[in-house]
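Breakdown of the fold
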Amino acid sequence: MEMDKSPTKLDYYDDMWNLHSTATLVSHFKGDDGRHVLILDRTIFYPQGGGQPADTGFLIIHDSNIKFVVHDVRSKDGIVLHYGVFEGMGGEFEGTLEKGKEVSLSVDEDRRKLNSRLHSAGHLLDICLPKIGLGHLEPGKAYHFSDGPWVEYKGVVPQNEMQNKQKELEIEANALISMGGKVSADILLYDEAAKLCGGILPDYVPKESTPRIVQIGDNPGCPCGGTHVLDVSDITKIKVSQIRSKKGMTKVFYNVES
Ligand SMILES: [Zn+2]
């Protein structure tokens, strides 16, 4: 298959809250698994990654009224792949779509809003840990999916403190939510970024790069490519359901509530 090699412009990087946009069709093909794939020059659709699930929604190809329902979005070598089906045609669409056509994009709002709340909530837990005496825990992997979200840290919590810390963490997080605070995402020079993140960036951020830093209010920021709420109060409420330490690692299970 032929693929345009230029990376897709990630419009959600600059504006995480815009759910309707236009773009230009770059290519259309069937993937190895038979699913249709559309590639655009730019997109507001979030591709699965960084612990956050993909957006869903639909694309309208102008001049033809063809509707493409987006079921999944992935990123490969900087190119965003929109997977889905042509509405009303099942898997039967065999036509060719002209490169250069204008396309309207619509991201499913309910799903994106939930994903953003879950992602911001994960960051908020990172921020709260030092405030409840667990500053030694180092953020690691995270899973901000609605089917059982968690954040993982290097370091442990003593068994006898587990229950108290779970309660304290939930109280602290909900206190910050009720205070509110703007969430920002900015592309910064490495040194500036490090300063915003408490003086140091994780090893996986290359020294010459310009990382995107997400910051909640005046709290220390962290490198992140995901989507977030506009204001921390939009998380509404966090439930910390369990803290578990095993083999030098700690997992915090949480969820958001209305
Ligand atoms: Zn993040």
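You'll find the structure just up there.
Calculation notes
- Here, residues in each chain are numbered from 1, in the same order as that chain's written sequence.
- The predicted nature of this model means local features are confined to residues of pLDDT at least 70 and side-chain atom pairs, given and counted, to a pLDDT of 80 or more, with totals for whole chains, interfaces and linings taken over all residues.
- Excluding hydrogens and water, the side-chain figures rest on all heavy atoms present in the structure.
- Any N, O or S atom lying within 2.8 Å of the metal counts as a donor, and for Na, K and Ca the limit rises to 3.2 Å; water is left out, so some sites can look incomplete.
- Here a helix means four or more residues in a row that DSSP labels H or I, a strand means two or more in a row labelled E, and each is numbered from the N terminus.
- Exposure is judged per residue with a 1.4 Å probe applied to protein chains only, and the accessible area is read against the type maximum: over 50% gives exposed, under 20% gives buried, and values in between give partly exposed.
- By this definition, two strands are paired if DSSP reports at least two bridges between them.
- Between the rings of Phe, Tyr and Trp (Trp by its six-membered ring), a pair exists once the centres lie within 6.5 Å; its type follows the angle of the planes, with under 30 degrees stacked, over 60 edge-to-face, and the other angles tilted.
- The rule is short: NZ of Lys or CZ of Arg within 6 Å of the ring centre and within 35 degrees of the ring normal puts a charge over the ring.

Quick look at the coordination of the zinc ion now. In the first shell of the zinc ion, the protein supplies His119 (NE2), His123 (NE2) and Cys224 (SG), at 2.1 to 2.3 Å from the metal. Taken in sequence order, the residues that donate to the zinc ion follow the motif H-x3-H-x100-C. Of the two residues, His119 and His123 both sit in helix H2 (residues 109–128), four residues apart, roughly one turn of that helix. For the pair shown, His119 and His123 are each scored as buried.

On to the pairing of strand S2 (residues 20–30). Where a strand is regular, its side chains alternate between the two sheet faces. Bridging between S2 and strand S8 (residues 102–107) involves five bridges; their strand directions are antiparallel. Counterpart to His20 in the pairing with S8 is Ser106. Relative to strand S3 (residues 36–40), S2 is paired through five bridges, and the arrangement is antiparallel. If you follow Phe29 over to S3, its bridge partner there is Val37.

Spatially, three strands are ordered S11-S12-S13 in an open sheet, and the strand pairing comes out antiparallel. Single-partner strands in this sheet number two, and they are strand S11 (183–187) and strand S13 (222–223). Both S11 and strand S12 (residues 212–216) contribute to a ladder of five bridges, which runs antiparallel. Paired with Ile187 across the bridge in S12 is Arg212.

Turning our eyes to something else, we now look at the packing of aromatic side chains. In total, this model carries five aromatic pairs according to the counting rule given. Centre to centre, the rings of Tyr12 and Tyr46 are 5.2 Å apart; their planes meet at 70 degrees, and the pair counts as edge-to-face. One end of the pair, Tyr12, is in helix H1 (residues 11–14); the other, Tyr46, is in the loop between strand S4 (42–43) and strand S5 (57–61), and 34 residues separate them in sequence. Residue class for Tyr12 comes out buried when judged on its relative accessible area of 4%. Tyr46 gets classed as buried once you look at its relative accessible area, which sits at 4%. Between the aromatic rings of Tyr143 and Phe145, the centroid separation amounts to 4.4 Å while the plane-to-plane angle is 10 degrees, which identifies the pairing as stacked. Feature note: the residues Tyr12, Tyr13 and Tyr46 constitute an aromatic cluster, connected by ring pairs. A cation over an aromatic ring shows up here: Arg212 above the ring of Tyr13, its NZ or CZ 4.7 Å from the ring centre. Against the face of Trp150 rests Lys251, its NZ or CZ located 4.1 Å from the ring centre.

Read these as spatial facts, not as claims about activity.
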